[in-house]
Amino acid sequence: MKQHKINIPLTSVTLKGELMIPKNAYGIVIFSHGSGSSRLSPRNQYVAELIQIRNIGTLLFDLLTEKEDLEQENRFDIPLLTQRLIETTQWVQTQEFGRNIPIGYFGASTGAASALGAAAYFGQTIRAIVCRGGRPDLAMNVLSTVTTPTLFIVGGWDHEVIELNEVAYDKLNGIKQIEIVPEASHLFEEPGKMEEVANLAISWYERYLIQ
């Protein structure tokens, strides 16, 4: 399977993306990466490849332009990142490949906050969310309104982020689950740990995307 390089025209900017829609795909997962990362993140690319094998499409895209990414504060501007994800989701819905196809989010690091913020905006239109090593606490003001089934995945050695996820988890009112991957750090760089993340994510999508 080959990913296609695309341009995503939004209101104020055009963003770069990598799109892969398998034949007979029954859903698509839009990735919202974290601070300092990009659509080319090897971790998210790896997860996306495993998701694609299970007949789910993926869209990885840059939430910031190259110029915007030079400004450190933009990487933590959650309202801006959330709006970019909302507009990108709306663009997907207008495309031939995205019409009437269930949509899920995969948020990493600060991207988890933008995924939750966008899900609060769209309601049940977003079928499933997975947050990997995420900062859902940065979306605390909208968590109680998120109705999408949400999975938090955190490394067992990532103690501070575990605590932040547990606080955010308590604010969620819908279907939710938190998975702690043993002997894994924040980036899940230890052998086999990112595969565990991917398998947990795939199980969540297979359970909730098509409902």
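Residues numbered from 1 in each chain as written. Predicted model: local features only at pLDDT ≥ 70, side-chain atom pairs only at ≥ 80, totals over all residues. Heavy atoms only, no water.

1. A few points about the pattern of salt bridges
So, step 1. Evaluated as defined, the whole model comprises five salt bridges.
So, step 2. Between glutamate 18 and lysine 5 there is a salt bridge, with its nearest N and O atoms 3.2 Å apart. Of the two residues, glutamate 18 sits in strand E2 (residues 14-20) while lysine 5 sits in strand E1 (residues 4-9), which places them 13 residues apart along the sequence.
So, step 3. Judged by relative accessible area, glutamate 18 falls into the buried class, the value being 6%.
So, step 4. Note that arginine 135 is salt-bridged to aspartate 137, the shortest N-O span being 2.7 Å.
So, step 5. A relative accessible area of 25% means that arginine 135 is categorised as partly exposed. (Salt bridge = Lys/Arg side-chain N within 4 Å of Asp/Glu carboxyl O. Helix = DSSP H or I, 4+ residues; strand = E, 2+ residues; numbered from the N terminus. Buried < 20%, exposed > 50% of the residue type's maximum accessible area, 1.4 Å probe, protein only.)

2. Looking at the nonpolar core
So, step 1. Of all hydrophobic cores here, the largest spans 37 residues; its most connected members are Ile8, Ile30, Leu59, Phe61, Tyr105, Leu116 and Ile129.
So, step 2. Where this core is concerned, the elements lending two or more residues are E1, E2, strand E3 (28-32), strand E4 (57-61), helix H3 (78-94), strand E5 (103-108), helix H4 (111-122) and strand E6 (126-132).
So, step 3. Of all the elements, H4 adds the most residues to this core, at seven residues.
So, step 4. Apart from residues no more than four positions distant in its own chain, leucine 59 is found in contact with Ile6, Ile8, Glu18, Leu19, Ile28, Val29, Ile30, Phe31, Thr88 and Val92.
So, step 5. Judged by nonpolar contacts, the second largest core, of 24 residues, contains Val47, Ile51, Phe188 and Trp204. (Core = buried A, V, L, I, M, F, W, Y, C linked by side-chain atoms within 4.5 Å. Contact = heavy atoms within 4.5 Å.)

3. A short note on the side chain of asparagine 165
So, step 1. One can find asparagine 165 in helix H5 (residues 159-171).
So, step 2. The exposure class assigned to asparagine 165 is buried, which follows from its relative accessible area of 0%.
So, step 3. Among the polar contacts listed, one links the side chain of asparagine 165 to the backbone oxygen of glycine 134, at a separation of 3.1 Å. (Polar contact = N/O pair within 3.5 Å; in protein donor to acceptor, adjacent residues only side chain to side chain.)

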